[in-house]
Amino acid sequence: DGDDDQVSISDENNIFDLGTAFTLAAWTYIDAHDPSHSFLISPDSYPGSNSSYDLGFKGSKPYVAIYDSGWTTYVSDNVLATGAWHHIAGVRSSDNTLRIYVDGVEVKEFTGVVAPDAATVDVTIGKRSVSDLEHDGRIDDVRIYSTDLSDAEVLAMGTGGNPAQAGNTITL
């Protein structure tokens, strides 16, 4: 039904320890925004250690959070409307920049971005694993890369097929 659902993926052999260059991306249909936070991708053990990064929404704005002995959040200026599909991506480069994309287009760049601690916990899709801050909507085509994708690669993901058009949506 797209409400209160989640998927947990085991971190066998530290596969979610992405290093300093990574890409987090997902398609999402937003039913409603939580006034605080909602999570698309969250490998964390909040409030403890062994956390690393989140992709989601702070209120109605896409954001990436990185854990480096404490959480630092990087929030886009874009307010996303409910009732529509959007592709959200966060790309952190080894030169300490972070770019946030909406529907394949860069909407915000940050410099001097902290480096993430090593992630040694499972990844949860649709919710922070130990809180009630779940995403109210649908999530499709979640991707986690241990490299920083180029603008062209993110554009291809963000414009290459809205899940509603493809007919392959799975509601979590």
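Residues numbered from 1 in each chain as written. Predicted model: local features only at pLDDT ≥ 70, side-chain atom pairs only at ≥ 80, totals over all residues. Heavy atoms only, no water.

Asker: Help me understand the overall build of the protein in this model?
Answerer: A count of helical and extended segments in the protein gives two helices and 11 strands. Each helix and strand of the protein, placed in order from N terminus to C terminus, yields the pattern β-β-β-β-β-β-β-β-β-β-β-α-α. Counting all 172 residues of the protein, 47% fall into the buried class. Long-range contacts, defined here as pairs at least 24 residues apart, represent 67% of the contacts in the protein between residues at least 6 apart. Taken as a whole, the protein presents about 7300 Å² of accessible surface, with 45% of it coming from carbon and sulfur. (Helix = DSSP H or I, 4+ residues; strand = E, 2+ residues; numbered from the N terminus. Buried < 20%, exposed > 50% of the residue type's maximum accessible area, 1.4 Å probe, protein only. Contact = heavy atoms within 4.5 Å. Areas by Shrake-Rupley, 256 points an atom, 1.4 Å probe, with all protein chains shown as cover.)

Asker: Whenever I open this one, the nonpolar core confuses me. Can you help?
Answerer: Residues Leu40 and Ile88 are the most contacted members of the largest nonpolar core, which totals 19 residues. If you list the elements that add at least two residues to this core, you get strand 2 (22–32), strand 4 (53–58), strand 5 (61–67) and strand 8 (98–102). No other element matches strand 2, which puts four residues into this core. Discounting residues that sit within four places of it in the chain, Ile88 has contacts with Leu24, Ala25, Ala26, Thr28, Leu40, Leu55, Phe57, Pro62, Leu80, Tyr101 and Val102. Residues Ala25, Val91, Leu149 and Met157 belong to the second largest nonpolar core, which totals seven residues. (Core = buried A, V, L, I, M, F, W, Y, C linked by side-chain atoms within 4.5 Å.)

Asker: Looking at this model, I keep getting lost on the sheet that holds strand 9 (residues 105–110). Mind explaining?
Answerer: With respect to topology, five strands assemble into an open sheet ordered 9-8-7-2-11, the strand pairing being antiparallel. With partners counted over all chains shown, the strands left at the sheet margins are strand 9 and strand 11 (136–145), one partner each. Shown here is a sheet whose adjacent strand axes are inclined to one another by a mean of 20 degrees, direction ignored. Against the sheet, helix 1 (residues 151–159) engages strand 2, strand 7 (85–92), strand 8, strand 9 and strand 11, with an angle of about 160 degrees to strand 7. (Pairing = 2+ DSSP bridges. Axes fitted to C-alpha atoms, helices over the stretch in contact; angles between N-to-C directions.)

Asker: How do you make sense of the environment of Ala25 when you look at a structure like this?
Answerer: Mapped onto the elements of the fold, Ala25 is located in strand 2. When its relative accessible area of 1% is taken as the criterion, Ala25 is described as buried. Taking C-alpha positions, Ala25 is 9.0 Å from Gly158, a pair spaced 133 residues apart along the chain.

Asker: Help me understand the packing of aromatic side chains, please; the structure alone is not making it clear to me.
Answerer: Any two aromatic rings considered together are summarised by their centre-to-centre distance and by the angle between their planes. According to the stated counting rule, one finds four aromatic pairs in the structure shown. An angle of 65 degrees between the planes, with centres 5.7 Å apart, marks the rings of Tyr29 and Trp85 as edge-to-face. With Tyr29 in strand 2 and Trp85 in strand 7, this pair connects stretches of sequence that are 56 residues apart. Classification of Trp85 by relative accessible area gives buried; the value is 11%. Between Arg138 and the ring centre of Tyr29, over which it is positioned, the NZ or CZ distance is 4.0 Å. (Phe/Tyr/Trp six-rings, centres within 6.5 Å; stacked < 30°, edge-to-face > 60°. Lys NZ or Arg CZ within 6 Å of the ring centre and 35° of its normal.)

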